[in-house]
Amino acid sequence: MGQSKLYLEDHFPSPIRHTWIEFRRNHVSMLGLWLLIMFIIVIIFAPGISPFSPTEQNTDVILLPPAWDSSGTIVHLFGTDSLGRDVLSRVIHGSRLTFGISILLVLIAMLIGFSLGAFAGMGHGIRASVLNHLLDAVMVIPTLIIAIIIVAILGTGLANCMWAITLALIPKFIHLTRDLVRTESHMEYVTAARLDGASNTRILFDSILPNMIEPLVVNGTFSLSLAILDISALGFLNLGAQAPSSELGAMLSDGLELAYIAPWNIALPGGAILLMLISVNLVGDGLRTALRNRLQQ
């Protein structure tokens, strides 16, 4: 019995396991996954990893170069900024802010977007029609523009920035969920469930949702890269996180005046943002390719 089960799992894997097998074959995507795991470890254990407090100032080591420079020291591996704060500690805590908040906002936007999108996809009548037309109009506007408009109304600050980006991401998940629900609603298994007397709620969660999880996860990875960019952009424009916050976009803004005399204040937080985006996009591309290969097979 056990051998038969193992045989079935190896030769007829579940959709999720099949997707993982296809994803694992792509070495570039696996590299992105390991980078992503590294950032997740950083945001979880940031207080224990960072050698100093991100706000601790030391006037004796102002604008100290990184350790690989002849004037640098291993104590401050990434150097210090104009207030003597350790750049490595600020990058670690900044990654925690930028990446951790982005994950949270995408999860919230996905939950709200799924609820409204399911209503738009399964509903009929004037309410669903109005929602669909409003959604199509909002989808034309880039998320960053929407976020800037909302921040301009609510005011600057990290909390308002979070609200703005969440509201800007929700339409993308509504649009995806609506299209997926409409497509799945015409499948034979949904028709059979309706004939069996199942309610719309039961059809959605028991029949349609299991087939939507993978596309939602793929879209979530790309939305995560948008959230990272938007948080960093708003911080750089002084519309998001404010000083003395160590958010990566705000760090770029603070280091802009020192670009020529202390370039590490820009290069290191900018490199952290770049690595985040690369890892998220590699994982997203790998998931999309794995999903397409699984469906083709």
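See the structure above.
Reference entry: report on the structure contained in this document. This is a predicted model, so every value here is computed, not measured.

1. Some details on the overall build of the protein chain
Link 1 in the chain: From N to C terminus, the protein chain includes twelve helices and zero strands.
Link 2 in the chain: Across the 297 residues of the protein chain, 44% fall into the buried class.
Link 3 in the chain: The contacts of the protein chain with a sequence gap of at least 6 include a subset with a gap of at least 24, amounting to 70%.
Link 4 in the chain: In the structure as shown, the protein chain presents an accessible area of about 15,800 Å², 67% of it carried by carbon and sulfur atoms.

2. Points about the packing of helix α3 (residues 27-49) against helix α4 (residues 87-122)
Link 1 in the chain: Between α3 and α4, the shortest axis-to-axis distance is 9 Å and the interhelical angle comes to 125°. On the basis of the axis angle, α3 is oblique to α4. Seen along the crossing, α3 lies across α4 with a hand that is left-handed. Counting all contacts with α3, which are made through Leu-36, Phe-39, Ile-40, Val-42, Ile-43, Ile-44, Ala-46, Pro-47 and Ile-49, the residues of α4 involved are Ile-92, His-93, Ser-95, Arg-96, Phe-99, Gly-100 and Ile-103.
Link 2 in the chain: The class makeup of the residues in the contact of α3 with α4 is twelve nonpolar, three polar and one charged.

3. So, the environment of Phe-99
Link 1 in the chain: Tracing the chain through its elements places Phe-99 in helix α4.
Link 2 in the chain: C-alpha of Phe-99 to C-alpha of Ile-40: the two residues are 59 residues apart in sequence and 8.2 Å apart in space.

4. Focus: a nonpolar patch on the surface
Link 1 in the chain: Taken together, Val-140, Ile-141, Ile-145, Ile-149, Ile-153, Leu-154, Trp-163 and Leu-167 make up a surface patch of nonpolar side chains, about 830 Å² in accessible area.
Link 2 in the chain: With respect to the helices and strands, the residue Ile-149 is situated in helix α6 (residues 143-154).

5. Let's talk about the nonpolar core
Link 1 in the chain: Within the largest apolar cluster, 50 residues are counted, with the highest numbers of intra-cluster contacts made by Phe-99, Ile-165 and Ile-228.
Link 2 in the chain: Elements supplying a minimum of two residues to this core: α3, α4, α6, α7 (158-185), α10 (213-236), α11 (248-255) and α12 (264-296).
Link 3 in the chain: Among the elements that make up this core, the one with the highest residue count is α12 (ten residues).
Link 4 in the chain: Formed by 13 residues, the second largest nonpolar core is a distinct cluster that contains Val-190, Ile-208, Met-212 and Leu-216.

Conventions used here
- Residues numbered from 1 in each chain as written.
- Predicted model: local features only at pLDDT ≥ 70, side-chain atom pairs only at ≥ 80, totals over all residues.
- Heavy atoms only, no water.
- Helix = DSSP H or I, 4+ residues; strand = E, 2+ residues; numbered from the N terminus.
- Buried < 20%, exposed > 50% of the residue type's maximum accessible area, 1.4 Å probe, protein only.
- Contact = heavy atoms within 4.5 Å.
- Areas by Shrake-Rupley, 256 points an atom, 1.4 Å probe, with all protein chains shown as cover.
- Axes fitted to C-alpha atoms, helices over the stretch in contact; angles between N-to-C directions.
- Parallel < 35°, antiparallel > 145°, perpendicular 65-115°, else oblique.
- Left-handed = near helix turned anticlockwise from the far one by under 90°.
- Nonpolar A, V, L, I, M, F, W, Y, C, P; charged D, E, K, R; others polar.
- Patch = residues over 30% accessible without salt bridge, like charges linked within 9 Å, V, L, I, M, F, W, Y side chains within 5 Å.
- Salt bridge = Lys/Arg side-chain N within 4 Å of Asp/Glu carboxyl O.
- Core = buried A, V, L, I, M, F, W, Y, C linked by side-chain atoms within 4.5 Å.

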